Amino acid sequence: MQSFEECYKKTRDQFRSLKFIQEQTGTPFADGLGKVFASSSGPSSRHAGSLDGLRTEIATAKVKNAKSEGEVLVAGCHDSKAKGMDKIFGKMETDLNDRVAAVKMARHLQLMKLRGGQSVWFFSPPVAYTEWVYDEFDGMSKSGLETWASEADETYSDADKTALANATQTAMSYVMKCMAELGSPTDATKDVIKRWFCAADATDKDVKVVAKTLAKGYRKMAKVLNGSHLILSDEPKDRNSGGWKDYAFVYKSEKMDVIYVQSATISAALGGRGWLAALTLVHELSHREMSTDDHRYDTTGNLSPMATGGLTTRQAIENADNWGYFATDLAGGLPASNRLTVTGIAA
Amino acid sequence: MSGPPDVAPVTVNGLRIDALHWGKDRGLGQNGGYVTATDPASDTELWAQKVYDITYGDKSPQKYDLFITKLTVVDDGAAVQITDQDGRVFHLDPATRAVRMIMAPVPDAPRPNPRKPS
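Bear in mind that the values here come from a model prediction, so they are computed numbers and not experimental data. (Residues numbered from 1 in each chain as written. Chains lettered and ligands numbered in written order. Predicted model: local features only at pLDDT ≥ 70, side-chain atom pairs only at ≥ 80, totals over all residues. Heavy atoms only, no water.)

J.: What am I meant to see in the interface of chain B and chain A here?
T.: By a frequent convention, interface size equals the accessible area lost on bringing the separate parts together. Facing the 23 residues of chain B at the interface are 38 residues of chain A. Here chain B meets chain A over a buried area of about 2700 Å², counting both sides, of which 44% is carbon and sulfur. Here chain B is connected to chain A by 5 salt bridges. The shortest N-O distance in the salt bridge between K24 of chain B and D293 of chain A comes to 2.6 Å. One can count 19 residue pairs in polar contact (both at pLDDT 80 or more) joining chain B with chain A. Residue composition of the side of chain B that touches chain A, grouped by class: 7 nonpolar, 7 polar and 9 charged. (Contact = heavy atoms within 4.5 Å. Buried area = accessible area lost by both parts, 1.4 Å probe. Salt bridge = Lys/Arg side-chain N within 4 Å of Asp/Glu carboxyl O. Polar contact = N/O pair within 3.5 Å; in protein donor to acceptor, adjacent residues only side chain to side chain. Nonpolar A, V, L, I, M, F, W, Y, C, P; charged D, E, K, R; others polar.)

J.: Even after reading the chapter, I still don't get the packing of aromatic side chains, so can you show me in this structure?
T.: Residues and elements named next belong to chain A. A complete count under the given rule lists 24 aromatic pairs over all chains for this structure. A centroid spacing of 6.1 Å and a plane angle of 25° characterise the contact between F4 and Y8, whose relative ring orientation is stacked. In this pair, F4 and Y8 both sit in helix α1 (residues 4-17), 4 residues apart, roughly one turn of the helix. Looking at Y8, the relative accessible area reads 0%, which means it is buried. Ring centres of F197 and W323 lie 6.3 Å apart, and the angle between their planes is 75°; this geometry places the pair in the edge-to-face category. (Phe/Tyr/Trp six-rings, centres within 6.5 Å; stacked < 30°, edge-to-face > 60°. Helix = DSSP H or I, 4+ residues; strand = E, 2+ residues; numbered from the N terminus. Buried < 20%, exposed > 50% of the residue type's maximum accessible area, 1.4 Å probe, protein only.)

J.: Just checking my understanding: could you explain unusual backbone geometry for this structure?
T.: Both trends apply: most residues other than glycine have a negative phi, and most peptide bonds are in trans. Phi is positive for A66 of chain A, close to 50°, though the residue is something other than glycine. Summarising the element assignment, A66 of chain A is placed in the loop between α4 (49-65) and α5 (69-77). Positive phi, normally seen in glycine, also occurs at D43 of chain B, with a value near 55°. Within the element layout of this structure, D43 of chain B appears in the loop between β3 (34-39) and β4 (44-50). Taking relative accessible area as the criterion, D43 of chain B reaches 54% and is therefore assigned exposed.

J.: I tried to follow the pattern of salt bridges on my own but got confused; where do I start?
T.: Oppositely charged side chains can pair when the atoms bearing their charge come close. Residue and element names in this part refer to chain A. According to the stated counting rule, one finds 25 salt bridges over all chains in the structure shown. Among the ionic pairs, E154 bridges to K161, the shortest N-O distance being 2.7 Å. Like E154, the residue K161 is buried in the burial classification. Among the charged side chains, a network of salt bridges with common partners joins E69, K104, R107, E154 and K161.

As structure tokens, then:
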């Protein structure tokens, strides 16, 4: 298993095919979980309250029964109708591990409401996990499952989630500004377009052509940011193979709108550089929505086609960082010193 | 996104050898893994040599970029030792442009789930 989408689909199948929550076990888990995972396009924000309900019920059951979270989950997913050899020898039911994994996924999936009616999902599995939850639980004994499913210390803290939610909101404001300005760009907007995408000898017509391309791209990004299916997720395998230090990434083939956010973005969001966290989200969305490449990143500078040794106009339009920096700059979020360093030209 | 730090060039047999970070700009298909040789007198680039391959997959491209971090003169000034971000070390003979890997760190053992039976 490699992606959020794969994990989500397996959870969806679990809730659809087994119906174990209501029919098999009579567990106290919220009835609405199946509805959260009902759509193939992503979790349902309308039923997100069921996830909060699940967390509450787990916490209540832990106290009430003096059990660990894993014991509560395993008991809740245990098939009380198991009979014959399975029951006599306590043999693990075939799907118990997957059932617990499904509920564990739900337990660590959360919707955060943003201002203006927007929302963003977080999938923040336990930091102890090195694989997607189904792979974590695969082949595990019942007692091992009870122990391992008790891991609850999440990859993203509450503070991380709040900071990333704010960054998402900021990214949305950048993209909305782009949409507002690029339709019929003023001279000031044209200057910003030239700074990030045009050679020094670009004509007004050239700039308008670029503006049209940009408007198309930012419109697509706005649709994602303004929708209810944007998911900021951990990717446990990448995190545990050296990737956690990075900013973020996406899987180009993944159909769901998932951005895998990593520590550099979180550090920026928490460290007073919310603009950089927002810029990173725009950067990654440009990979998804406009199939951009990474010709260069910011620290080397000279992203502007007007700079000596800068990108060409074609490369700039293909370059994810130019999309991120342009949006941040146009919206007034980019510090002047960063503008100078990254473009390689004086404003 | 943060790019790689600059790498100090070295001089071998009168040629300046630089790490070329941004190969995609030049149509080389990868960022990192190339060095260039320049005639310092004329400041003319003579050649670019691939040191290692980078294979791009389904993740965002920057996840695969792998940059050179260090250039060192070896073999009494006749060759260059090149280190990459993964700690691998390569040997380049600028006279023949032959490249060979001379050291690769043993990869970290996978971190097994401690609660899962092996």
